[in-house]
Amino acid sequence: MSAQPFSGKKNQSFIWFVCFMAALCGLLFGLDIGVIAGALPFLSKDLNISNHAQEWVVSSMMFGAAIGALGAGWLSSHLGRKKSMLAGATLFVIGSLWSAFSPSVESLIGARVILGLAVGIASYTAPLYLAEIAPERVRGSMISMYQLMLTTGILVAYLSDTALSYSGSWRWMLGVIAFPALILFVGVLFLPNSPRWLAAHGRFNEAQRVLARLRSSDEQAKQELDEIRESLQVKQHGWSLFKSNSNFRRAVWLGILLQVMQQFTGMNVVMYYAPKIFSIAGFSNTHEQMWGTVIVGAVNMLSTLIAVGLVDRWGRKPMLVTSFLIMTVGMGVLGTLLHMGVETPFRQYFAIAMLLMFIVGFAMAAGPVIWLLCSEIQPLKGRDFGITASTTTNWVANMVVGATFLTLLDTLGNAPTFWLYAALNVVFILITIWLVPETRHVTLEHIERNLMQGKALRDIGS
Ligand code: BGC
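Being a predicted model, the structure only gives us computed values, none of them experimental. (Residues numbered from 1 in each chain as written. Predicted model: local features only at pLDDT ≥ 70, side-chain atom pairs only at ≥ 80, totals over all residues. Heavy atoms only, no water.)

1. Topic: the overall build of the protein chain
Here is step 1: For the protein chain, the helix and strand inventory stands at 19 helices and 0 strands.
Here is step 2: For 462 residues, the compact-globule formula gives about 23 Å, and the C-alpha radius of gyration of the protein chain, at 22 Å, lands near that figure.
Here is step 3: The principal-axis extent of the C-alpha atoms belonging to the protein chain is close to 70 × 45 × 45 Å.
Here is step 4: Expressed as a percentage of its 462 residues, the buried residues of the protein chain come to 61%.
Here is step 5: Within the protein chain, counting contacts between residues at least 6 apart in sequence, those at least 24 apart form 81% of the total.
Here is step 6: Taken as a whole, the protein chain presents about 17800 Å² of accessible surface, with 67% of it coming from carbon and sulfur.
Here is step 7: Taking the 32 positively charged and 24 negatively charged side chains of the protein chain as two groups, their mean positions are separated by 5 Å. (Helix = DSSP H or I, 4+ residues; strand = E, 2+ residues; numbered from the N terminus. Rg over C-alpha atoms; globule rule 2.2 N^0.38 Å. Buried < 20%, exposed > 50% of the residue type's maximum accessible area, 1.4 Å probe, protein only. Contact = heavy atoms within 4.5 Å. Areas by Shrake-Rupley, 256 points an atom, 1.4 Å probe, with all protein chains shown as cover. Lys, Arg positive; Asp, Glu negative; His and termini not counted. Charge placed at Lys NZ, Arg CZ, Asp CG, Glu CD.)

Here's what the structure looks like:
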């Protein structure tokens, strides 16, 4: 078969459409993470609910997300990635409208669980789909684009909360999310199935057709399909592979560890409790706290651009090490400033600068690169299982971090709490050097071959 010239703009814009839609899942993920912070004060007043009930309103989504991520493995392997994303989009629409019209706190908690299910499915399926559909040359950037949309979602939610806070309309804050959810639903209808998923179900002709639309030449598409066929030779999957194959187990444990690391950097402490941290740092005015939170969201989003630009050039591993290092310094110095006392404006602003530096550190790698690595290191036959394990871990760890921060502040004190996170980030630097592979510019099939041949984890990308 002769190589066709690169079919140019048409091909390129199709790839971007595909990636944009999958990344829209990320936007909704972010909107749902960010939206509750601003809505909470108003809805708790309106519905007259206790602190305990507020905690439930917040954490019910993470609970739903953990369940959603667990079920998403089954969904995306049986129905396919595309139909899973459709299911996620449907739940996003239902959950957003339901929460906007909730007459009581119980109903709102129910709606948040539904939203959590949507987020869990989206946070599982979209990165997987992107990793399977993106040409390997830009795979890293595609997944970072997903993270970019996620952080955009958080920022947009902070902004929309701040704007709507003047009218106090929490129902609108929660309800507007139905619009992007609807766009996602319609867009996903036009997406192709993942070629890897099609091949795994014996639908090679369709896989070939999708690849031909996504790759620059028919020859490249054919070559990639051959590689996929080869990696499909191992006829085991999921749980049975986990029980029988120690090489696969290593990948699963690494994925789990990576997500624990991501969450225990302390990032979501800032995402959920930014206003509280601003008040600890001496900013007592609610207005300052609200806009400070918006700045946190903006820095988070903008710094993700660093990842998009560098991840396929500089590589995953050096970026991750740098990321944990920056977070160590950010959390460490912030803790020290709190220990010394933040009475002067200089110290207050210095503390905020450290907080923002921490955000830059997370967003430039730990955020996007860990999702990317988790989708790259799993062999095809066990990929659904492996990513289920790591994504579910992400949500469970997320819940633990979110549910313990205030208790930590109370029991350890402000400064030691931040030092604790700094110390954890030091440990993560060492773990990264010791265990994390460099997967830049290698096909998923190549990584899989190395893993299954028993190469050391840190060498499976070489
Ligand atoms: C993490 C989320 C976090 C977000 C912040 C994601 O990669 O998984 O837990 O809230 O980044 O940008």
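2. Concerning the nonpolar core
Here is step 1: Core analysis: the largest hydrophobic core is formed by 155 residues, its most contacted members being Leu43, Phe92, Leu184, Leu258, Leu320 and Phe324.
Here is step 2: Looking at which element gives the most residues to this core, the answer is helix α1 (residues 8–47), with 20 residues.
Here is step 3: Residues in contact with Phe324, not counting those within four places in the same chain, are Met261, Thr265, Ala366, Ile370, Asn425, Phe428, Ile429 and Thr432.
Here is step 4: Listed in part, the 6 residues of the second largest apolar core include Leu241, Phe248, Val252 and Ile256. (Core = buried A, V, L, I, M, F, W, Y, C linked by side-chain atoms within 4.5 Å.)

3. Examining unusual backbone geometry
As a rule of thumb, non-glycine residues mostly have phi less than zero, and peptide bonds are mostly trans rather than cis.
Here is step 1: For Asn48, which is not glycine, the phi dihedral falls at a positive 55 degrees.
Here is step 2: One can find Asn48 in the loop between α1 and α2 (51–78).
Here is step 3: Exposure remark for Asn48: the relative accessible area of 67% places this residue in the exposed category.
Here is step 4: You will see that His441, though not glycine, has its phi angle at about 60 degrees, which is positive.
Here is step 5: Note on placement: His441 falls in the loop between α18 (414–435) and α19 (444–452).

4. As for the site of the ligand
Here is step 1: With respect to spatial proximity, 16 residues lie near the ligand, and among them Gln147, Gln262, Gln263, Asn268 and Trp371 are the closest.
Here is step 2: In this structure, an oxygen atom belonging to the ligand sits 2.6 Å away from a side-chain N or O atom of Asn268.
Here is step 3: The contact in question runs from an oxygen atom of the ligand to an N or O atom on the side chain of Asn394, over 3.4 Å.
Here is step 4: Relative to its unbound accessible area of 310 Å², the ligand is 100% covered by the protein chains.
Here is step 5: The site holding the ligand turns out to be the largest cavity.
Here is step 6: For the shell around the ligand, the secondary-structure elements that each account for two or more residues are α5 (139–164), α12 (246–264), α13 (267–280), α16 (345–376) and α17 (380–412).
Here is step 7: Class assignment for the residues of the shell around the ligand results in 7 nonpolar, 9 polar and no charged.
Here is step 8: Two domains each provide a minimum of three residues to the shell around the ligand, namely domain 1 (7–191) and domain 2 (237–462). (Near = heavy atom within 4 Å. Polar contact = N/O pair within 3.5 Å; in protein donor to acceptor, adjacent residues only side chain to side chain. 1 Å grid on protein atoms, 1.4 Å probe; cavity = no way out; pocket = protein on both sides within 12 Å on 5 of 7 lines; lining within 4 Å. Sits in = over half its atoms within 2 Å of the grid points. Nonpolar A, V, L, I, M, F, W, Y, C, P; charged D, E, K, R; others polar. Domains from an automatic or database assignment.)

5. Digging into the packing of aromatic side chains
Here is step 1: Counted under the stated rule, the structure contains 13 aromatic pairs.
Here is step 2: Measuring from centroid to centroid gives 5.5 Å for Phe283 and Tyr349, while their planes differ by 75 degrees, and the two rings are edge-to-face. Of this pair, Phe283 sits in the loop between α13 and α14 (286–310) while Tyr349 sits in helix α16, and the two are 66 residues apart along the sequence.
Here is step 3: A connected cluster of aromatic rings, assembled from ring pairs, spans Trp239, Phe242, Phe248, Trp253 and Phe385. (Phe/Tyr/Trp six-rings, centres within 6.5 Å; stacked < 30°, edge-to-face > 60°.)

6. Here we look at empty space enclosed by the protein
Here is step 1: Per the stated rule, a full pass over the model turns up 1 cavity of 30 Å³ or more.
Here is step 2: Quantified by volume, the largest cavity comes out at close to 170 Å³.
Here is step 3: The wall of the largest cavity is formed by 18 residues, among which Ile33, Gln147, Leu150, Asn268 and Phe362 lie closest to the centre.
Here is step 4: Counting residues per element, the ones that place at least two in the lining of the largest cavity are α1, α5, α12, α13, α16 and α17.
Here is step 5: Per-element accounting of the lining of the largest cavity gives the leading share, 4 residues, to α5.
Here is step 6: Taken together, the residues of the lining of the largest cavity break down into 9 nonpolar, 9 polar and no charged.
Here is step 7: Taken together, domain 1 (7–191) and domain 2 (237–462) each give at least three residues to the lining of the largest cavity, which thus spans both. (Points joined across faces, edges and corners; volume = space filled by probe spheres on them.)

7. Remarks on the domain arrangement of the protein chain
Here is step 1: Per the domain assignment, the segments of the protein chain are domain 1 (7–191) and domain 2 (237–462).
Here is step 2: Each partner contributes to the interface: domain 1 provides 42 residues, whereas domain 2 provides 42 residues.
Here is step 3: Summing the contributions of domain 1 and of domain 2, the shared interface buries around 3700 Å²; its carbon and sulfur component is 70%.
Here is step 4: When residues of domain 1 are sorted by the area they lose upon contact with domain 2, Met62, Arg139 and Tyr158 head the list and together hold 17% of the total.
Here is step 5: Along the contact surface separating domain 1 from domain 2 lie 1 salt bridge.
Here is step 6: At the boundary of domain 1 with domain 2, the tally comes to 2 residue pairs in polar contact (both at pLDDT 80 or more). (Buried area = accessible area lost by both parts, 1.4 Å probe. Salt bridge = Lys/Arg side-chain N within 4 Å of Asp/Glu carboxyl O.)

8. A word on the UniProt feature "coiled-coil region" (unreviewed entry) in the protein chain
Here is step 1: Feature annotation in UniProt places "coiled-coil region" (unreviewed entry) on residues 204–231, given in this structure's numbering.
Here is step 2: Secondary structure content for residues 204–231 is 89% helix and 0% strand, while the C-alpha to C-alpha distance between its ends is 14 Å. (UniProt positions renumbered as here; feature names shortened; annotations may be inferred.)

9. Focus: the packing of α13 against α16
Here is step 1: The contact between α13 and α16 brings their axes to 12 Å, and the two run at 165 degrees. Taken together, the axes of α13 and α16 lie roughly antiparallel to each other. The interaxial crossing formed by α13 with α16 has left-handed handedness. Here Met267, Val270, Met271, Ile277 and Phe278 of α13 come into contact with α16, specifically with Ile352, Leu355, Phe358, Ile359 and Phe362. (Axes fitted to C-alpha atoms, helices over the stretch in contact; angles between N-to-C directions. Parallel < 35°, antiparallel > 145°, perpendicular 65-115°, else oblique. Left-handed = near helix turned anticlockwise from the far one by under 90°.)

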